[in-house]
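# Fold and geometry: a report
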Amino acid sequence: MADYKPTLNLPKTDFPMRGDLTKREPQCLDHWLQTKLYQQLRQARAGAQTFILHDGPPYANGNIHIGHAVNKVLKDIIVKSQTLNGFDAPYVPGWDCHGLPIELAVEKSKGKAGRQVDATEFRQACREYAQQQVNQQREDFKRLGVLGDWDQPYLTMNYQTEADTIRALGKIIANGHLEKGAKPVHWCTDCGSALAEAEVEYDNKQSLAIDVRFTVLEADAMLARCHAPGTGGQGPISVVIWTTTPWTLPANQAVALHPALEYVLVECAGEYGTERLVLAEALLKDAMCRYNIDHYRVVGYCKGEALEGLLLQHPFYEREVPVILGEHVTTEAGTGAVHTAPGHGQEDYVVGKKYHLPVHNPVGGDGHFLADTPLFAGEFVFKADRKVIEVLKAKGKLLREKIITHSYPHCWRHKIPIIFRATPQWFISMEKAGLRQQAMAAIETVNWLPDWGKERIKGMITNRPDWCVSRQRNWGTPIALFVHKHSGNLHPNSLALLEKVAQKVEQAGIEAWFSLDAQELLGEEAQDYEKLKDTLDVWFDSGVTHTAVVQQQLGLALPVDLYLEGSDQHRGWFQSALLTAVAMYGSAPYKAVLTHGFTVDADGRKMSKSLGNVVEPQKVIKTLGADILRLWVSATDYRTEMNVSDEILKRIADAYRRLRNTARFLLANLHDFDPAQHLVQPQDMLALDRWAVDRAYRLQQEVIKAYDGYGFHQVYQKVHQFCAVDLGALYLDIIKDRQYTVQTEALARRSAQTALYHIVEALVRWLAPILSFTADEIWQHIPGQRTPDSVFLATWYTGLFSLAETETMNPAFWQQVFVVREAVSKELEKLRVAEQIGSSLDAEVNIYCEGAVFECLNALNEELRFVLMTSAAKVYALAEKPDAAVTVGEFALLAKASSHTKCIRCWHHSADVGSHAEHPELCGRCIENIGIGEQRRYA
RNA sequence: GAAAGGAUAGCUCAAAGGUAGAGCAACUGUCUUAUCAACAGUCCGUUGGAGGUUCAAAUCCUCUUCUUUUCUCCA
C-alpha cells in the first residue's frame, strides 16, 4: 500500500497541546517584565480616552487568600478589556500600610511602643514590616498575571501620601466637619490606654449585681401617665434598675426603658415600709422572688413610651435624671429598666447622644476616681463597687445585692478586667455641616452594581453614627493639631499649621510630626497648646486615596470610573471614600461601584481552617496554573457567592483544554499561511468560510458587550460554546477534508485558512483579558508580521465581517443545512450501532424534501456531501420518498453503507477508486489533487 | 436578634407570567488525518421546601429551611 500521507496538508505546530502552565507562566511574566509591557502600554495609549479603575488597597499584612485573588483578577480583566476597547486604562495597585494589625505584629517581635522600645524606633519597625508585607503580597499578585505599575504602587505610608492625607484632613476641617467629642472605649487600667477590639478577650469574672431604686420625683406626674384603676397605691415610687457594674453609678445620667414593653407599678412592703416599684411586667415575678417579697399587688401599668422624660432622683447625688427610651432594652435579665452611663458604655453612649445626655467620665486613666468625684474620689473602680453599695444602703436605695459570674472583657495582655471609659476623641460629624445629607445626595449620582448596593449603602449612611477618626496609637497618620490646654479649642491658625506639618511630612514621613517641637511652629504659644498624639483611623487613610493618590500622585481627575471590591466594603472603603470625598469637595469620588461576593466552598459555606475547605491561590497556581484560576474567576457569576472546590477547578481545567486545543488546531492549520500573501478577499472566499467569519463577527459583538457590562461569565460561556459547537462540532470538522486533501495552494484551502486566521486573531483578543498567559502564547504563534508586539497592546480585531442576509447562502441558509446535518448524524449512528459503518464517510445518504429545504440542499450541489461528511449525498423530491426512508420534520432520509471502495488518501468511498493505473487505491478527486487540483465553490 | 443577597441537571451558567435550555462532565460508540486529541449518540431536573394569586409561576405574593455579608452582640 502506497503512503500518501506526505501528499496531505496535515496540521503542524509548535504550540503545545498541554498548557504546562506552571512552567510556562513564569517565563511569560519574565518576558512582560523585560519588554516593559506595562510602560509600553502607557505609551501606546497616551492621549486616548481614559478608563480609571482605582485600586482598593489591601491591608499589608499576611499572605494573600483566594478573595484577594478574585478581586485582583476581576480588576485585571476589566482593565485589559477596556484597553482592548482602545482606552488608556492605567492600573496602579496600592496597599494600606498603617494601623493596628501591623502594630500588633511588630509588638510581638519588638515589644510595646513606649515600653520596651521607643515610639520612633517602633514606627520605623512598623514601616519596615509593612514594606516587607507589601513585597510578599506583590509577588503573589504579579504571579496571577495582573498587569499594573508594580514598580510604583501607591502605599498609604509613602511620605507624599502621608502628607496629602494630612492635607485631606485639613480640607475636611476647613469645611467644618471635624468635631471634638468623647466616646467610651475599652480601657485597660494597667496599660493606661485604650484597647482595640482585637486586643480584648472575653473571660468569666465575678461581679456584684445589684438592684437599685431610682425614686420618681413627682409621683402624681407618674400616675397621670399610667393606667391606675384604683387609688394607685401608697408609698414612694421608684424605678428599679439592675446592674453588674455598681462603680458606673456615679456617672449615671438616665434610666432607659423599652418603648413597647409593658411596665407595671407594684405596691409592696419593703424594709422601709410600703412602697411602689416600677418594673417590666415580664420580669415582675422574677424580681419579686429575688427581693424575697411575697405579697405585692399591681396598682398601675403602662407602656415604656408613656414614661419618657419622667424625672428620677439619682440614688446618691443631687442629680435629676430622665427616663429615656431605647430599643436595646430587653427582658432577658434584670428589671426592664437600664441604668445609663454614657461615659461607661457603648450603647449608653449611643442612646445618650440621642437625648443629649452629658458624657460624664469621673474615672482617670489609672482606673481611680478623679479627685473631684464626691464620695469616691481616689477609689479604684472595682474596689468602689463595695463602697457604692454601702452608700446605696445608707441612702435606702439598695434592693438587693448578689455576686454573679459572667463573661466580661479582659485585656489580652494583662488578663485583667477592663473598663469602658469615655476619652476625648475626634469625629467627622454626620450632621454638623450637613455631611449625611450631602452624602445621601452623592449616592444618587453613582451607578451601583448590582443595583441593591445602592439601598445597602443608603441604609448604612442613614443610620451610621458620627465617624470617630481618632486612635490612640503609634503607627498611623497623625491628627496634626494643636489644642488649647485650657479652652480645648483648636489653634486659630490650625489650617496653616497643618500645611506646614504636611510639608515636613513630605520630607520625613509621619515621624516629622511626632518628633516635632511645638515651639518650632508655635513659638511662645507652644506652652499654651497641647500637641495631639492621636493618629487617624486607617479607614481615613484609604478613604482619601481618591485625593492623595488619584489626584495628587497620579494626576488624574475625579470622579474615577470605577471602584471594585467585595460587598463588605459598603461598610468599609466605599463608605470611607464617599464620606471623605463629600466632606472635601461635595461629591462622590467614583462614577460606578461594582461589588463581588465572597468565595465559599462547593456547599456554599465560608472557608475556614477548621472546616478544611480553604482553597489557597498559591496552591492552585502551583498545581494548575494562574490561567486556570483566572478562568474560574471569569466563569463564575461573582455578583453573589463564588463557589470553589477541587471539583469545580477540575471542570474549569477541562474547559481550558478545549479553548487551548481549539486555538492549537487553528494555529496548526495556519502553519504554511502568510496573511500578507495568502489572505483571500471576502468576496472570493467559499460560502461556508464566510459563514464561519460571520459567526465570529456576531460573537465578537456579544463578547465586547459582555465585557463592557462586566459580565465575564457570559464571555466564558459564549466563547467556550463557540469553540465547542460552531467550530469543533461543525466548521472545523467539515473543513478538515478541504484542508488536508486539496492542493496546498488551492483557493478552497487558502479560503478556509483565511477564515481560520481571522478567527484566531479575534479569539486571541477575546481570551486575553481572562487567559492572559495563554493568549500571549497564542499571539506568538499566529503567522505573519505581528504588530503590535503583544496582544495587550492590541485593540479588538477589525478584520471580521458579516454575511449579508441578501446572499443566497446567508446565515439562515446554513442554519437549515445544519438541521439536516444533525438529522443525518442521528441516522448514521443507527448504522454504526448496527455495525454497518464506522466512520460517517463509510455511508451515503439520500434526502427527500421539497420547498425551501430542497432549494437549500440543492444549491450546494455536489458539495453537500462535504457538509454532511458522507461519501455521497443526493437530494430528491419528497414525492420520490421510498418506504424505507425515515421522516424527520419536513424531510426524509435514507442512509446506507456505501458499496464503493474507500480511497486510502481522502477516505471517501467512490466509484472511481482504481480508475488510475499508477494510483490504484485513489479516487479521481485525489488524483486531481495530487496533480492538477480540484475545484470547489461552496464548501 | 435585625437588614440585605443567594439557592435551577454531577459542574458552570440560561430562561424578566406561556412546553425549564446550553456547554461541560458521565455513559456508549466511532476514528486513528487536532491523538494525553477530535467527532457522534444517550442519560440527567417535583427550579431548596410549603402555601397562595393566575387559564398559565423558576419568574409575582406569603411563610419556611439552608447559606453569605453587614449591623447588634447588651445593663
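Residues numbered from 1 in each chain as written. Chains lettered and ligands numbered in written order. Predicted model: local features only at pLDDT ≥ 70, side-chain atom pairs only at ≥ 80, totals over all residues. Heavy atoms only, no water.

Looking now at the protein's contact with RNA strand B. In the vicinity of RNA strand B, 61 residues are found, and the nearest of them are Val 338, Asp 637, Arg 664, Gln 721 and Trp 907. At the protein interface, 76% of the atoms of RNA strand B within 4 Å belong to sugar or phosphate. Between a sugar or linking oxygen of RNA strand B and a main-chain N or O atom of Gly 604, the distance comes to 2.6 Å. Within the contact set of RNA strand B, a phosphate oxygen lies 2.8 Å away from a side-chain nitrogen or oxygen of Arg 658. Elements supplying a minimum of two residues to the surface near RNA strand B: β6 (237–243), α12 (452–463), α21 (646–668), α24 (712–741) and α27 (811–833). Element by element, the count of residues in the surface near RNA strand B is highest for α24, at 11 residues. Considering only residue class, the surface near RNA strand B consists of 19 nonpolar, 18 polar and 24 charged. (Near = heavy atom within 4 Å. Polar contact = N/O pair within 3.5 Å; in protein donor to acceptor, adjacent residues only side chain to side chain. Helix = DSSP H or I, 4+ residues; strand = E, 2+ residues; numbered from the N terminus. Nonpolar A, V, L, I, M, F, W, Y, C, P; charged D, E, K, R; others polar.)

This part covers the nonpolar core. Ranked by internal contacts, the top residues of the largest apolar core, which has 220 residues, are Phe 540, Tyr 590, Trp 632, Tyr 731, Trp 766, Trp 814 and Ile 847. For Tyr 590, the residues in contact, after removing those within four places along its chain, are Val 446, Trp 448, Pro 559, Val 560, Tyr 563, Phe 574, Ala 577 and Leu 578. Core analysis: the second largest hydrophobic core is formed by 54 residues, Ile 210, Ile 237, Val 381 and Tyr 408 among them. (Core = buried A, V, L, I, M, F, W, Y, C linked by side-chain atoms within 4.5 Å. Buried < 20%, exposed > 50% of the residue type's maximum accessible area, 1.4 Å probe, protein only. Contact = heavy atoms within 4.5 Å.)

This part takes up the pattern of salt bridges. Counted under the stated rule, the structure contains 49 salt bridges. A salt bridge links Lys 830 to Glu 827; the shortest N-O distance between them is 2.8 Å. Placement of the pair is Lys 830 and Glu 827 together in helix α27, with a separation of 3 residues, close to one helical turn. Exposure remark for Lys 830: the relative accessible area of 48% places this residue in the partly exposed category. For Glu 827, a relative accessible area of 10% translates into the label buried. Where salt bridges share partners, they join Asp 55, Lys 72, Lys 75 and Glu 565 into one cluster. (Salt bridge = Lys/Arg side-chain N within 4 Å of Asp/Glu carboxyl O.)

Here helix α13 (residues 494–508) is 15 residues long and its end C-alpha atoms lie 21 Å apart, about the 21 Å a rise of 1.5 Å per residue gives. Those residues of α13 that sit buried are Ser 494, Leu 497, Leu 498, Val 501, Ala 502 and Val 505. End-on view of α13: buried residues confined to an arc of 145 degrees, all on one side of the axis. Along its buried surface, α13 packs onto α6 (159–174), β19 (482–484), α14 (511–514) and α15 (518–522). At the exit of α13 stands Gly 509, carrying a positive phi of roughly 75 degrees. (Expected span 1.5 Å × (residues − 1). Arc of directions from axis to C-beta.)

Here we take up the sheet that holds strand β22 (residues 560–566). Across the sheet, which stays open at both edges, the 3 strands sit in the order β16-β23-β22 with parallel pairing between neighbours. In the strand order of this sheet, the two ends are held by β16 (447–449) and β22, each with one partner. Shown here is a sheet whose adjacent strand axes are inclined to one another by a mean of 15 degrees, direction ignored. Bridge count for β16 against strand β23 (residues 590–596) is 3 bridges, and the pairing is parallel. Bridging across to β23, Leu 449 finds its partner in Leu 594. (Pairing = 2+ DSSP bridges. Axes fitted to C-alpha atoms, helices over the stretch in contact; angles between N-to-C directions.)

On to the confidence of the model for chain A. Residues at a pLDDT of 70 or more form 98% of chain A, whose mean pLDDT is 90. Quick note on the complex model: pTM equals 0.90, ipTM equals 0.96. (pLDDT = per-residue confidence, 0-100.)

Counting buried residues along β22, 7 of its 7 residues qualify, which places the element largely inside the surrounding structure. Here β22 runs beside β23; their pairing, made up of 6 bridges, is parallel. If you follow Gly 566 over to β23, its bridge partner there is His 596. Regarding the hand of the β-α-β motif, the stretch spanning β22, helix α18 (residues 573–585) and β23 is right-handed. (Right-handed = clockwise from strand over helix to strand, strands pointing away.)

Let us now look at empty space enclosed by the protein. Going through the model one piece at a time under the given rule, you end up with 4 cavities of 30 Å³ or more. In terms of lining residues, the largest cavity is bounded by 13 residues, among which Leu 41, Val 79, Lys 80, Thr 83 and Leu 147 are the most central. Sorting the residues of the lining of the largest cavity by element identifies α2 (37–45) and α3 (66–84) as the ones contributing at least two each. By residue number, the principal contributor to the lining of the largest cavity is α3, which donates 4 residues. Each residue belonging to the lining of the largest cavity can be placed in one class, and the counts come to 10 nonpolar, 1 polar and 2 charged. (1 Å grid on protein atoms, 1.4 Å probe; cavity = no way out; pocket = protein on both sides within 12 Å on 5 of 7 lines; lining within 4 Å. Points joined across faces, edges and corners; volume = space filled by probe spheres on them.)

It is worth spelling out the state of the cysteines at this point. All chains considered together, the criterion is met by 0 disulfides. Of the cysteine sulfurs around Cys 926, a residue in no disulfide, the closest is that of Cys 903, at 3.6 Å. What makes Cys 926 buried here is its relative accessible area of 0%. (Disulfide = S-S within 2.5 Å.)

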